[in-house]
Amino acid sequence: MQGTVDGFNYGAVTPVAAYLMAVLGGALGLRCTTRSLRTEQSWKPGWLGLGATSIGSGIWTMHFIAMIGFQVKEAPISYDIPLTVLSLVVAIVVVGIGIFIVGYRGATRVTLTTAGTITGLGVAAMHYIGMAGMRLHGRLDYDTPTVVLSVVIAVVAATAALWAAVSIHGFLPSLGASLVMGIAVTGMHYTGMAAISVHLQGATGGSAGGGSPTSIMFPMLLGPAVFLVLAGVVVMFDPILVLGEGEWDQPESKKPVRRDPPPRPVWPPTYDEANSGRAHTPAPAPTSAPGPRGGQQRSPYDW
């Protein structure tokens, strides 16, 4: 028996919320990666790790918010907790591999291709591991060309995100890149969901084991969501990311040296200086501006 699949059970609420979480994770990840590259005083592994965790958590949260709106009308859905947690770990670790590759080796064509492929395959693996964690009285079948298309979208999106992380430094360009990245990642998710068909088996209407969507989704989404908020606070209070380019971006050896101007000579000399035989800097030549009574300006020598 063919199941009736509905990926938009709550209308536009879940797609919009999923997209916003993908954008938030992407924006934080891009800014953290940018922060690690803009100053030599940064603790690069820490900022790269924070960026990778932000992007991975954002993608994973996007996926499962979107899954709240997924249902098979003839059979309730539950989720296997270990596989669901594994999908989060895969997302963070694989995105971290790509971020660290470009963070330390730059944005060359070979580096971006390698890192983008690894990261994109990791994002796709996260998606399909999460789907494997679904439990229902039925079998999930996938349309192979659509699955391949979703993987290609994931690879292209990951490559573009990694390029943006090391090439775009301004706040507004990074925000624009994260908006595009959110569209790509969310599009990859719904493309993968379009490849699904469900063949029901046996009795319907009962739980197939594992946790129900309401009992597992919200508690598990709470952790990554809180992390993204805390990461956002860290980024907001970092002066380099908030204020943008400036002298704090430059190494100490390249910062301009501030020198005080030399003291102006005092003229006419004091009595002690005049009798000590010291040499003095001549006073500037008098101007030809008229004096107070229409004559020439008096010279200091007239004293």
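For the structure itself, look to the data block above.
The rules behind these values
Residues numbered from 1 in each chain as written. Predicted model: local features only at pLDDT ≥ 70, side-chain atom pairs only at ≥ 80, totals over all residues. Heavy atoms only, no water. Helix = DSSP H or I, 4+ residues; strand = E, 2+ residues; numbered from the N terminus. Buried < 20%, exposed > 50% of the residue type's maximum accessible area, 1.4 Å probe, protein only. Contact = heavy atoms within 4.5 Å. Core = buried A, V, L, I, M, F, W, Y, C linked by side-chain atoms within 4.5 Å. Salt bridge = Lys/Arg side-chain N within 4 Å of Asp/Glu carboxyl O. 1 Å grid on protein atoms, 1.4 Å probe; cavity = no way out; pocket = protein on both sides within 12 Å on 5 of 7 lines; lining within 4 Å. Points joined across faces, edges and corners; volume = space filled by probe spheres on them. Expected span 1.5 Å × (residues − 1).

1. Here's the deal with the overall build of the chain
- Scanning the chain from terminus to terminus reveals nine helices and six strands.
- Burial analysis of the chain (303 residues in total) assigns 42% to the buried set.
- Counting contacts in the chain only where the partners sit at least 6 residues apart, residues at least 24 apart contribute 83% of the total.

2. Examining the nonpolar core
- In this structure, Met67 and Met134 are the most contacted members of the largest nonpolar core, which totals 51 residues.
- Secondary-structure elements contributing two or more residues to this core are α1 (13-38), α2 (44-68), α3 (81-105), α4 (109-132), α5 (144-167), α6 (171-194), β6 (196-200) and α7 (213-236).
- The element best represented in this core is α2, accounting for 12 residues.
- In this structure, Leu30, Ala164, Ala165 and Ala177 belong to the second largest nonpolar core, which totals five residues.

3. Section: the pattern of salt bridges
- Within this structure, the stated rule accounts for two salt bridges.
- Residues Asp80 and Arg135 are paired through a salt bridge, measuring 4.0 Å at the closest nitrogen-oxygen approach. Of the two residues, Asp80 sits in the loop between β3 (78-79) and α3 while Arg135 sits in strand β4 (residues 134-135), which places them 55 residues apart along the sequence.
- When its relative accessible area of 28% is taken as the criterion, Arg135 is described as partly exposed.

4. Things to note about empty space enclosed by the protein
- Enumeration according to the criterion identifies one cavity of 30 Å³ or more in this entry.
- One number sums up the size of the largest cavity: a volume of about 130 Å³.
- Taken together, 15 residues line the largest cavity, and the ones lying closest to its centre are Ile59, Thr119, Ala158, Ala161 and Met181.
- Those elements that place two or more of their residues in the lining of the largest cavity are α2, α3, α4, α5 and α6.
- It is α5 that contributes the most residues to the lining of the largest cavity, five residues altogether.

5. Considerations on α2
- The end-to-end C-alpha separation of α2 is 36 Å, in line with the 36 Å expected for 25 residues at 1.5 Å each.
- Burial within α2 is extensive, with 19 of its 25 residues counted as buried.

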